[in-house]
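# A closer look at the structure
Each chain is listed here by its residues.
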Amino acid sequence: MEAMRGVSISLEEGRKIALVGPNGAGKSTLMLMFNGILRPTSGEVLFHGQSLRYDPASLRELRRKVGMVFQNSDDQIFAPTVYQDVAFGPVNLGFPEEKVKRYVGYALAYVGLCGYERRPPHHLSGGEKKRVAIAGILAMEPEVIVLDEPTSNLDPASSEEIMDMLDELKCGGKTIIISTHDVELAYRWADEVILMEGGRILKRGTGQEVFGDPGLINKARLKLPIVVDIYRELVSRGLLSDSNPPRNVLELTDLVESRNRGTISRGTTGKIHIADVDKVGPDEINSILEGAHISYAGAMGTNAKALAERAGIILDFTYGVIDKCILKSLSGKDSLIMTSGGMVDRSVKRIQTYCEESGAKIEVVKLSSLEGPDVNPDRR
Amino acid sequence: MHDLLDDYTHSNALINTSPRLKLLLGLGAMLICISSATPIAPLFIAITMSLITVGIAKIPGRFYCTLLLIPLSFALLSSGVVAFMHGGGSQLFAMNLFGFMFEIRDDGANLALLLIARTFGGMCSLFFISLTTPMMEIFSVLKSLGLPDFLVDLSMLMYRYIFVFIDQAHLIHNAQVMRLGDAGIKNTLNSHAMLSGVLFLRAWEQGERLIVAMDARCYDGKLVLMEQGAKAKPRAIFAVVGYLVVVEAIVFLTKDIQLL
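Residues numbered from 1 in each chain as written. Chains lettered and ligands numbered in written order. Predicted model: local features only at pLDDT ≥ 70, side-chain atom pairs only at ≥ 80, totals over all residues. Heavy atoms only, no water.

All names here are of chain A. One open sheet accounts for four strands, arranged β10-β11-β9-β12; its pairing is parallel. Across the chains shown, the open sheet's two edge strands, defined by having one partner strand only, are β10 (296-299) and β12 (364-367). Strand-to-strand twist of the sheet, defined as the mean angle between neighbouring strand axes without regard to direction, takes the value 20°. Alignment of strand β9 (residues 272-276) against β12, held across four bridges, turns out to be parallel. (Pairing = 2+ DSSP bridges. Helix = DSSP H or I, 4+ residues; strand = E, 2+ residues; numbered from the N terminus. Axes fitted to C-alpha atoms, helices over the stretch in contact; angles between N-to-C directions.)

What follows is the structure, given as structure tokens:
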């Protein structure tokens, strides 16, 4: 039986790519070709410009660089304890024992499962199993991570945490490819969306390009993301002018506001505090929270979330944190973002870009030193 | 959803003691049970092992008792048969059933008693091992004792998938009961046959997926084992050896005592 025909795509390094399509569109088939588990009957697969070879040695090399996380975690986690499962890849790559331990420790810390080493998989929740599966791939240090339906069977909070983790990985320079039929997730998360149906590629492009064509989406047995749907209805009532659909709630509210008032609010905007949890301890964060009239707190990344839990901070936002904080700032509320590593600068940059594009002024306070807040007024 | 032996094992209070020591205690007691000529030592082992399992390892007493009922019922049945079969000694009990004489004599009764005591003591020792030592630790001890890798690896994979298939069997069973698959004996048998068949096919498919999953992660014939559990403390070693010596002494001192 033919699962795919006439599929020809090239995927760029360091991007977040979502394969979107209904059941039986050929997403999984395509993904299984990425690391040589399936071999196309005609045509070829290239990685770094080189055609894949299917001899055992080349396949090993490929599978180390292209890690695959299966849809069903029980298919993937076959070792009887978490440690053994995560160590499986490194051990088979022939790493010495000390290196295996280090890699496993690093991978488990990354997915936030330190201390779970001796647990058997049947004592884990669905979200924890997915994390173990991802850790098992991370321990092999792949360049590309392919995830088949990473959020199916997970509750909303677990899904968001997994997607947040994938964002973090992408920031660390990895290429992430997921398949999904969750249009909301694909639209919000992906840099690039590839729409598949019946073993063919219908369209590829940014989320706005792909989901800007309702006919095509209908044909693929999907539905429009709610933001796009609302936007289209507002356009058809003449409340907004037709251009590119907004990417998220923030852009949609901005569009509506600027149409209504002619401009985006110039009232007092709230401050956004950004705390680097590698440098600021829980006590400082708690004292900031008490002192600075912060109404909302959000955390990005596993470290920050773990710290928030330790410090007993109730998080208002655990996903889409930056956008949410900008939204709150525009309505005059102060907020705090807890995050770490490269995501600190990324948050600052994201807020700056937003300010430049919209003309709003949002004060960003970066808390990184232990002595106290490093106030940087009128940072744009 | 399920009440598994394994769940209790992972939450017992002795989980952080040396697996080798626990195995030594359990296996040692078991061997002594089998070698004992009288029921006294095995009964002593049964009582002390139960006390250790419930008192020190903190396994819930209720659960432990229901667990013991299973082997005990078997032991009672079979020793009943043994008691009637063995002649010799004075007659203790007799009855006439449809013209056949059934009688219990001294030797048979003694043997039956010994059988129950041994089973009981042995089961208590076995439950001590299985309720305090996670399978993984037993595997790593086996490996360090020189069992071939492929046997240990295979057992580990089997152990892992037992739980996947328990879940599957449970789900299939629920699906059958939901559609009245348990109405009447004929239906029940039929459902059971179907469940077994489907489970076999699922196991086969899971096996194929397992190979794909292992290949996708560069399988090269190696599975790691967890490190060995905690090292034994001198005090614990002393206690275990002391216990075994005491039990062996009981065996020796009571070897000529006849209960009946």
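When we look at a pair of aromatic rings, we describe it by the centre distance and by the angle of the planes. Under the criterion given, the structure shown has 11 aromatic pairs over all chains. Between A:Phe95 and A:Tyr103, the ring centres sit 5.4 Å apart and the planes meet at 70°, which makes this aromatic pair edge-to-face. A ring pair is formed by B:Phe139 and B:Tyr159, whose centres lie 6.1 Å apart and whose planes are at 75°; its orientation type is edge-to-face. With B:Phe139 in helix α6 (residues 135-144) and B:Tyr159 in helix α7 (residues 149-178), this pair connects stretches of sequence that are 20 residues apart. Comparing B:Phe139 with B:Tyr159 shows no difference in burial state: the two are buried. Aromatic rings pair up to connect A:Phe78, A:Phe88 and B:Tyr219 into one cluster. The ring of A:Phe95 carries A:Lys99 above its face, with NZ or CZ at 4.1 Å from the centroid. Positioned over the ring face of B:Tyr161 is B:Arg160, at 5.7 Å from the centre of the ring. (Phe/Tyr/Trp six-rings, centres within 6.5 Å; stacked < 30°, edge-to-face > 60°. Buried < 20%, exposed > 50% of the residue type's maximum accessible area, 1.4 Å probe, protein only. Lys NZ or Arg CZ within 6 Å of the ring centre and 35° of its normal.)

Time to look at the packing of helix α3 (residues 40-56) of chain B against helix α5 (residues 106-132) of chain B. Residue and element names in this part refer to chain B. Where α3 contacts α5, the two axes come as close as 8 Å, and the packing angle between them is 25°. Overall, the two elements α3 and α5 adopt an arrangement that is roughly parallel. By crossing handedness, the relation of α3 to α5 is classed as left-handed. Side by side, α3 and α5 meet where Pro42, Leu43, Ile45, Ala46, Met49, Ser50, Ile52 and Thr53 of the first sit next to Ala117, Arg118, Phe120, Gly121, Cys124, Ser125, Phe128 and Leu131 of the second. Split by residue class, the contact of α3 with α5 holds 11 nonpolar, four polar and one charged. (Parallel < 35°, antiparallel > 145°, perpendicular 65-115°, else oblique. Left-handed = near helix turned anticlockwise from the far one by under 90°. Contact = heavy atoms within 4.5 Å. Nonpolar A, V, L, I, M, F, W, Y, C, P; charged D, E, K, R; others polar.)

Here we come to the sheet that holds strand β7 (residues 192-197) of chain A. Residues and elements named next belong to chain A. Within the open sheet, the six strands sit side by side as β4-β5-β6-β1-β7-β8. Their pairing is mixed. A single partner strand is all that each edge strand has here, and the edge strands are β4 (66-69) and β8 (200-205). On average, each strand axis in the sheet is tilted by 15° relative to the strand beside it, whichever way the strands run. Along the sheet, helix α6 (residues 126-138) contacts β4 and β5 (144-148); its crossing angle with β4, the most-contacted strand, is approximately 165°.

This brings us to the confidence of the model for chain A. Model confidence for chain A is summarised by a mean pLDDT of 85, while 95% of its residues fall at 70 or above. Contacts from residues 370-380 of chain A, a stretch scored under 50 in pLDDT, to residues over four places away or in other chains number 22 contacts. (pLDDT = per-residue confidence, 0-100.)

Phi at A:Asn153 takes a positive value of approximately 70°, unusual for a residue other than glycine. Topologically, A:Asn153 is positioned in the loop between β5 and α7 (156-171). By relative accessible area, which is 76% here, A:Asn153 ends up exposed. Phi is positive for B:Lys58, which is not a glycine, with a value near 60°. Within the secondary structure, B:Lys58 is located in the loop between α3 and α4 (61-85).

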